[in-house]
Amino acid sequence: GAGVSQSPSNKVTEKGKDVELRCDPISGHTALYWYRQSLGQGLEFLIYFQGNSAPDKSGLPSDRFSAERTGGSVSTLTIQRTQQEDSAVYLCASSLGTAGIHEQYFGPGTRLTVT
Amino acid sequence: DQQVKQNSPSLSVQEGRISILNCDYTNSMFDYFLWYKKYPAEGPTFLISISSIKDKNEDGRFTVFLNKSAKHLSLHIVPSQPGDSAVYFCAASVGGTNAGKSTFGDGTTLTVKP
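This write-up is about the structure you can find in this document. Think of each chain on its own: its residues are numbered from 1, step by step along the sequence as written. Chain labels run from A onward and ligand labels from 1 onward, assigned in the order the entries are written. pLDDT decides what is reported in this predicted model: residues at 70 or higher carry local features, side-chain atom pairs at 80 or more are listed and counted, and totals for whole chains, interfaces and linings draw on all residues regardless. Working from all heavy atoms in the structure, the side-chain values ignore hydrogens and water.

### A word on the nonpolar core
All names here are of chain B. Operational definition: Throughout this description, the term nonpolar core refers to a set of buried Ala, Val, Leu, Ile, Met, Phe, Trp, Tyr and Cys residues connected via side-chain atoms within 4.5 Å. Only protein chains enter the accessibility calculation, which uses a 1.4 Å probe; a residue whose area is less than 20% of its type maximum is buried, one above 50% is exposed, and one in between is partly exposed. We count a stretch as a helix when DSSP gives it H or I for four or more residues in a row; a strand needs E for two or more, and each element gets its number in order from the N terminus.
Within the largest apolar cluster, 23 residues are counted, with the highest numbers of intra-cluster contacts made by Phe33, Trp35, Leu73, Leu75 and Tyr88. Of all the secondary structure elements, the ones that give two or more residues to this core are strand E3 (19–25), strand E4 (32–38), strand E5 (45–51), strand E7 (62–67), strand E8 (72–77), strand E9 (86–93) and strand E11 (108–113). Ranked by residue count, the leading element in this core is E9, at 4 residues.

Okay, here's the thing in structure tokens:
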């Protein structure tokens, strides 16, 4: 069956431009998570969705970052006015629910490079 | 304040020997713990988990041990194989419904030498 997919796989953008990263979760998974991993670092939580609502946005680094989820499925992470420190791999994951017992299934990530 | 810590950034072991990866946590509310494995250019994949009501969970070559009093868990891989070479992340969660995110450590890079 299909896993979590993310697009694009790679994105190079100029500083100051806006970017949109897309995540298609596993069908039927109600929970969706966004993380980022900077070079040599661990997974940094950004935001999670339960259905279309985002109970926890505490990890978003600044107001340049936003995310939405529609139809309980696809999610888009938008970074406005990108900065060089935004360069990282952005990972999306989905799970059957948000209870901690539910393992997360990760996509392959989007590698963002801001020049 | 990092709530989940993997203090060893890297570990190297010989094929056939045991690999022991360690993880410490500070938040006593965590009651469910998961290990993920990550290969380069791929997303992490779930490996094994343990609930706080247990102190050991075993799945084939992989065993996770939990010491709640010490707020410490470890992942044992025996025998280690070259294909086990990857980055291993420890994650901790609050296990109730609608509990939200897992908190991840920074990972330990395991290298298994043939």
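### Digging into the sheet that holds strand E7 (residues 65–69) of chain A
All names here are of chain A. Inclusion rule: Paired strands, as defined in this entry, are two strands with at least two bridges between them according to DSSP. A fitted line through C-alpha atoms represents every axis, and for helices the fit uses only the stretch in contact; the resulting angles, taken between N-to-C directions, go from 0 to 180 degrees.
Strand order in the open sheet formed by 4 strands is E1-E3-E8-E7, and the pairing between neighbours is antiparallel. The open sheet terminates on both sides in strands that have one partner only, identified here as strand E1 (5–7) and E7. Across this sheet, the average inter-strand angle for adjacent strands is 15 degrees, counted without regard to direction. Taken together, the 5 bridges between strand E3 (residues 19–24) and strand E8 (residues 75–79) define a ladder with antiparallel strand orientation. Its bridge partner lying in E8, Glu20 is registered against Thr78.

### Structural notes on the sheet that holds strand E6 (residues 56–59) of chain B
Residues and elements named next belong to chain B. With antiparallel pairing, 5 strands are arranged side by side in an open sheet as E1-E3-E8-E7-E6. Of all strands in the sheet, those with a lone pairing partner are strand E1 (4–5) and E6, marking the two edges. Both E7 and E8 contribute to a ladder of 6 bridges, which runs antiparallel. Considered in E8, the bridge of Leu66 is made with Leu73.

### A short note on the state of the cysteines
How we decide: Note on terminology: pairs of cysteine sulfur atoms within 2.5 Å are recorded as disulfides.
The tally for this structure, following the rule as stated, stands at 2 disulfides over all chains. Between the sulfur atoms of A:Cys23 and its disulfide mate A:Cys92 the distance is 1.8 Å. Disulfide A:Cys23-A:Cys92: the torsion about the S-S bond is -65 degrees, which places it as left-handed. Remark: A:Cys92 occurs in strand E9 (residues 88–95) and A:Cys23 occurs in strand E3; sequence separation between them is 69 residues. For the pair A:Cys23 and A:Cys92, one class covers both residues: buried. Linked covalently through their sulfurs, B:Cys23 and B:Cys90 form a disulfide whose S-S length is 2.0 Å. Between B:Cys23 and B:Cys90, the S-S torsion sits near -70 degrees, and that sign places the bridge as left-handed.

### Topic: the side chain of B:His76
All names here are of chain B. Using the following cut-off: By the criterion applied in these results, polar contacts are pairs of N or O atoms within 3.5 Å in which, for protein atoms, one can donate a hydrogen and the other can accept it, and in which residues neighboring in sequence qualify only through two side-chain atoms.
By the secondary structure assignment, His76 is in strand E8. According to the relative accessible area criterion, His76 is buried, its value standing at 18%. A distance of 3.4 Å separates the side chain of His76 from the side chain of Ser74, its partner in a polar contact.

### Notes on the environment of A:Asp24
Residues and elements named next belong to chain A. Applicable threshold: Contacts between residues were defined by any pair of non-hydrogen atoms, one from each residue, lying within 4.5 Å.
Mapped onto the elements of the fold, Asp24 is located in strand E3. Under the relative-accessibility criterion, Asp24 is labelled partly exposed at 21%. Along the backbone, Asp24 and Ala88 are 64 residues apart, and their C-alpha atoms lie at a distance of 19 Å. Excluding residues that lie within four positions of it along the chain, Asp24 makes contacts with Gly3, Val4, Ser5 and Val74. A polar contact of 2.8 Å, which involves the side chain of Asp24, links it to the side chain of Arg22.

### Comments concerning the pairing of E7(B)
All names here are of chain B. The sheet contact formed by E6 and E7 spans 4 bridges and is antiparallel. Note that in E7 the partner of Asp59 across the bridge is Phe62. Linking two consecutive strands that pair antiparallel, namely E7 and E8, is a turn of 4 residues; a positive phi of about 50 degrees is found at Lys71 within it.

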